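# Observations on chain architecture
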Amino acid sequence: MHRITSGELHSTYTLGDLRITALRDGYVDMPVGRLRQRGAKPFGDDLPEQVPLFGGQLRLSVNAFAIDDGNEIILIDTGAANAWHPTMGRLPQALDEAGIDVEKVRTVCFTHTHLDHIHGLVLADGRDAFPRLARLLVPRQELGLFRTEARLKRFHEMAQPFEAGDRLGTHVDIIGAHGHEVGHSCFRVSSGGEHILIWGDTVHVPSLQFDRPEVTWEFDEDQDQARESRLRLLALAADDHCFVAGAHLDSPGIGRVVRSGGGFRFEPL
Ligand SMILES: [Zn+2]
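Residues numbered from 1 in each chain as written. Predicted model: local features only at pLDDT ≥ 70, side-chain atom pairs only at ≥ 80, totals over all residues. Heavy atoms only, no water.

## Describing unusual backbone geometry
Here S251 and P252 are connected by a cis peptide whose omega angle stands at 5°. Tracing the chain through its elements places P252 in the loop between β16 (243–245) and β17 (254–260). Non-glycine residue A40 carries a positive phi angle of around 60°. By secondary structure assignment, the location of A40 is in the loop between β4 (35–37) and β5 (41–42). On the basis of relative accessible area, A40 is assigned to the partly exposed category, the value being 42%. Even without a glycine there, the phi angle at D77 is positive, about 70°. Note that D77 resides in the loop between β7 (73–76) and α1 (91–98). (Helix = DSSP H or I, 4+ residues; strand = E, 2+ residues; numbered from the N terminus. Buried < 20%, exposed > 50% of the residue type's maximum accessible area, 1.4 Å probe, protein only.)

This is the structure in structure tokens:
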């Protein structure tokens, strides 16, 4: 992978014959106590020094990723629009900065259905963000959750399920990464012998969870399963030389994973 363009809200890379663009929707600040040590114990004053704080809080980037094969663009996650804190919702500006025509986004897929991933389907002013959307893919286990979101009501019937093992076209296959949410999924994109795992919320706090992947997140629906999925994807990325793209890795959120000590290390690209 090589970076070909970048700006405040985007970075575009080659992956074989494809272009992968990281899009910055914004960030969200969260209390330290969301991080869980063994035994589901929250961190407090014992938070390791390696974790940077902003006004005493953890700062999580919120990113989405576009896959462009030259004909069509698949968007993985869509940010929060105006459905959560006002520090998010910049996806439309990020797409514009990256030179991505929203009319070419025909497929949107969600890694899971938490609000910082799905609400960007609808702009803050209520219009559709992707006027020529043809396919909306939601993890099968989360279709019901998706259909409880009143703000996205006009997409409830359009949503189609996918599951681990499915393939989207020639370049994308889906790997189960359940735990953070019941259908949480990873998209493995391959071209020209290169691979990237677009892995959603596998890591929330990169300054800690590569080094100590056993640390979980309060909002992991199943903490043990989330930990197992994280360890499995970290090992896959490190051992099979897959790049990774994370919704909450520091923007642009793309890099390599290497084994380090008993854990792993992230090398941003
Ligand atoms: Zn998230």
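## Points about the pattern of salt bridges
All told, the structure shown has 13 salt bridges when counted by the stated rule. Taking the shortest distance from any N to any O, the salt bridge between R59 and D29 comes out at 2.8 Å. With a gap of 30 residues between them, R59 in strand β6 (residues 57–68) and D29 in strand β3 (residues 18–31) connect regions that are remote in the sequence. With a relative accessible area of 32%, R59 lands in the partly exposed category. (Salt bridge = Lys/Arg side-chain N within 4 Å of Asp/Glu carboxyl O.)

## Quick word on the coordination of the zinc ion
In this structure, D116 (OD), H117 (NE2), D201 (OD) and H248 (NE2) serve as the protein donors to the zinc ion, at separations of 2.1 to 2.5 Å. The coordination sphere of the zinc ion comprises four donor atoms, whose angles at the metal cover 86 to 167°; the geometry is irregular. Motif for the zinc ion, donor spacing along one chain: D-H-x83-D-x46-H. Here the residue D116 occupies a position in helix α2 (residues 115–118), and D201 occupies one in the loop between β14 (194–198) and α4 (206–209), the gap between them amounting to 85 residues. Both residues of the pair, D116 and D201, belong to the buried class. (Donors = N, O, S within 2.8 Å, 3.2 Å for Na, K, Ca; no water. Tetrahedral: all angles 85-135°; square planar, octahedral: opposite > 155°, others 65-115°.)

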